[in-house]
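# Topology and contacts: notes
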Amino acid sequence: MPEQPFEQDRAIAGTGMGGAMDLAASEAQTLERTPGGPLGTGPAAKPRSLWSDAWRDLRRNPVFLVSALVILFLVVISLWPSLIASGSPLKCDLAKAQEGSQPGAPFGYDGQGCNVYTRTVYGARTSVTVGVCATLGVALLGSVLGGLAGFFGGIWDSVLSRITDVFFAIPVVLGGLVLLSVVTSNTVWPVIGFMVLLGWPQISRIARGSVITAKQNDYVQAARALGASNSRILLRHIAPNAVAPVIVVATIALGTYIALEATLSYLGVGLKPPSVSWGIDISAASPYIRNAPHALLWPSGALALTVLAFIMLGDAVRDALDPKLR
């Protein structure tokens, strides 16, 4: 039977289901050159990791982009507040007490004659420092204790579970009133230490459950069968696959710690004057809310915007890292 001539403009390609479909010659050549098929989904295609998929989703999420820009702005003014605010936040003039907006003081003056705009800008440094340091401390301590308890189990897991139950029974604000009332330091470190002390049990529970789930996977059993040590299994195989829930909870908790610092400072047991804090300014402006509401609204608005930005960021990270929400 004579060989049929090849038509340049048409070609036949198998569908993989017992049939065929017509393709243009250029498309057929592309199909032959593409590893694993036209979409590159075959064995030769490079698999994507959870983190690469999460980053791709985050870049397309407007909630993440907006919250990330707000947080970036807060970090910049925390490091260099003089970029947008001139003068000292501790410089006050009683002759200008409770005055409204005017040149050089767009937010007006508080009850002591301090520039509300300058104090609001400099207050971001305290809030961001407390939130970031407390979150890092809580995440590190809780992840280590919870991860070890979940991996080894036994008596250590039982002891840690009972200890976390005790800490969960302590009201956070009441604990702050009791523990910080005896502290005379004006730095942020006692407040950060208190948050780490009472905040690690939540991260510990999350890390423990994530490690227990991860150590039951086949790749962990294979590594153990090949003679891998406990430290190698925990650090190389379990930790990278169990850290995602910890990151999500820690990101959301960062905004909570900022609000907690403001609450404790408002009650007088957190940061104390002459420290600059949104909680201190809100507390000082409360008696003058009728005569000078601007002194209360601006630091309150900055605090609410900051907490909202971190909570929105945590929600976006959770949506990106949770495969069930894809």
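Residues numbered from 1 in each chain as written. Predicted model: local features only at pLDDT ≥ 70, side-chain atom pairs only at ≥ 80, totals over all residues. Heavy atoms only, no water.

### Concerning the overall build of the chain
- Along the backbone of the chain there are 12 helices and two strands.
- Expressed as a percentage of the 326 residues in the chain, the buried residues total 39%.
- Sequence-distant contacts, at least 24 apart, represent 66% of the contacts inside the chain between residues at least 6 apart.
- Counting only carbon and sulfur atoms, one obtains 65% of the accessible surface of the chain, whose full area is about 18400 Å². (Helix = DSSP H or I, 4+ residues; strand = E, 2+ residues; numbered from the N terminus. Buried < 20%, exposed > 50% of the residue type's maximum accessible area, 1.4 Å probe, protein only. Contact = heavy atoms within 4.5 Å. Areas by Shrake-Rupley, 256 points an atom, 1.4 Å probe, with all protein chains shown as cover.)

### Describing the confidence of the model for the chain
- Overall, the predicted model of the chain reaches an average pLDDT of 83, with 83% of residues at or above 70.
- Within the chain, helix α3 (residues 62–79) carries the highest mean pLDDT (94), whereas helix α1 (residues 25–33) carries the lowest (42).
- Within the model, the stretch residues 6–44 combines pLDDT values under 50 with 37 contacts to residues more than four positions away or in other chains. (pLDDT = per-residue confidence, 0-100.)

### Looking at the state of the cysteines
- All told, the structure shown has one disulfide when counted by the stated rule.
- One disulfide in the model links C92 with C114; its S-S distance is 1.7 Å. On the sign convention where negative means left-handed, the S-S torsion of about 80° between C92 and C114 marks this disulfide as right-handed. Of this pair, C92 sits in the loop between α3 and α4 (116–152) while C114 sits in the loop between α3 and α4, and the two are 22 residues apart along the sequence.
- C92 sits in the partly exposed class, given a relative accessible area of 38%. (Disulfide = S-S within 2.5 Å.)

### Here's the deal with the nonpolar core
- Formed by 35 residues in total, the largest nonpolar core has its most connected members in I258, L303 and L321.
- Broken down by secondary-structure element, the contributors of at least two residues to this core are α2 (50–59), α3, α4, α10 (244–267), α11 (278–285) and α12 (294–321).
- At 12 residues, the largest contribution of residues to this core is made by α12.
- If we skip the residues at most four places from it in the chain, I258 touches S127, G131, L303, T306, V307 and F310.
- The next biggest cluster of nonpolar side chains, apart from the first, holds 24 residues, and it includes M195, V196, V249 and Y257. (Core = buried A, V, L, I, M, F, W, Y, C linked by side-chain atoms within 4.5 Å.)

### Considerations on α11
- By the criterion of burial, α11 is predominantly enclosed, with six of the eight residues buried.
- The opening residue of α11 is S277, an N-cap whose side-chain oxygen sits 3.2 Å from the backbone nitrogen of G279. (Polar contact = N/O pair within 3.5 Å; in protein donor to acceptor, adjacent residues only side chain to side chain.)

### Brief notes about a nonpolar patch on the surface
- The grouping of V172, V173, L174, L177, V178, L179, L197, Y266 and L267 at the surface amounts to a nonpolar patch, some 730 Å² of accessible area in total.
- Those elements that provide at least two residues to the nonpolar patch are α6 (172–179) and α10.
- Within the fold, L177 resides in helix α6. (Patch = residues over 30% accessible without salt bridge, like charges linked within 9 Å, V, L, I, M, F, W, Y side chains within 5 Å. Salt bridge = Lys/Arg side-chain N within 4 Å of Asp/Glu carboxyl O.)

### Overview of the packing of α10 against α12
- Packing of α10 against α12 brings their axes to within 8 Å, and their N-to-C directions diverge by 170°. With respect to their mutual orientation, α10 and α12 come out roughly antiparallel. Between α10 and α12, the residues in contact are A244, I247, V248, T251, I252, L254, G255, I258, A259 and A262 and L303, T306, V307, F310, I311, L313, G314, D315, V317, R318 and L321, respectively.
- Across the contact of α10 with α12, the residue classes break down as 15 nonpolar, four polar and two charged. (Axes fitted to C-alpha atoms, helices over the stretch in contact; angles between N-to-C directions. Parallel < 35°, antiparallel > 145°, perpendicular 65-115°, else oblique. Nonpolar A, V, L, I, M, F, W, Y, C, P; charged D, E, K, R; others polar.)

### Section: the layout of surface pockets
- Each pocket or cavity is described by its volume, and for the largest pocket that value is around 460 Å³.
- If you go around the largest pocket, you meet 22 residues; those closest to its centre are A139, S143, V144, V243 and V246.
- Of all the elements in the fold, those that place two or more residues in the lining of the largest pocket are α4, α7 (189–214), α9 (230–242) and α10.
- At nine residues, α4 tops the list of elements feeding residues into the lining of the largest pocket.
- The class makeup of the residues in the lining of the largest pocket is 18 nonpolar, four polar and no charged. (1 Å grid on protein atoms, 1.4 Å probe; cavity = no way out; pocket = protein on both sides within 12 Å on 5 of 7 lines; lining within 4 Å. Points joined across faces, edges and corners; volume = space filled by probe spheres on them.)

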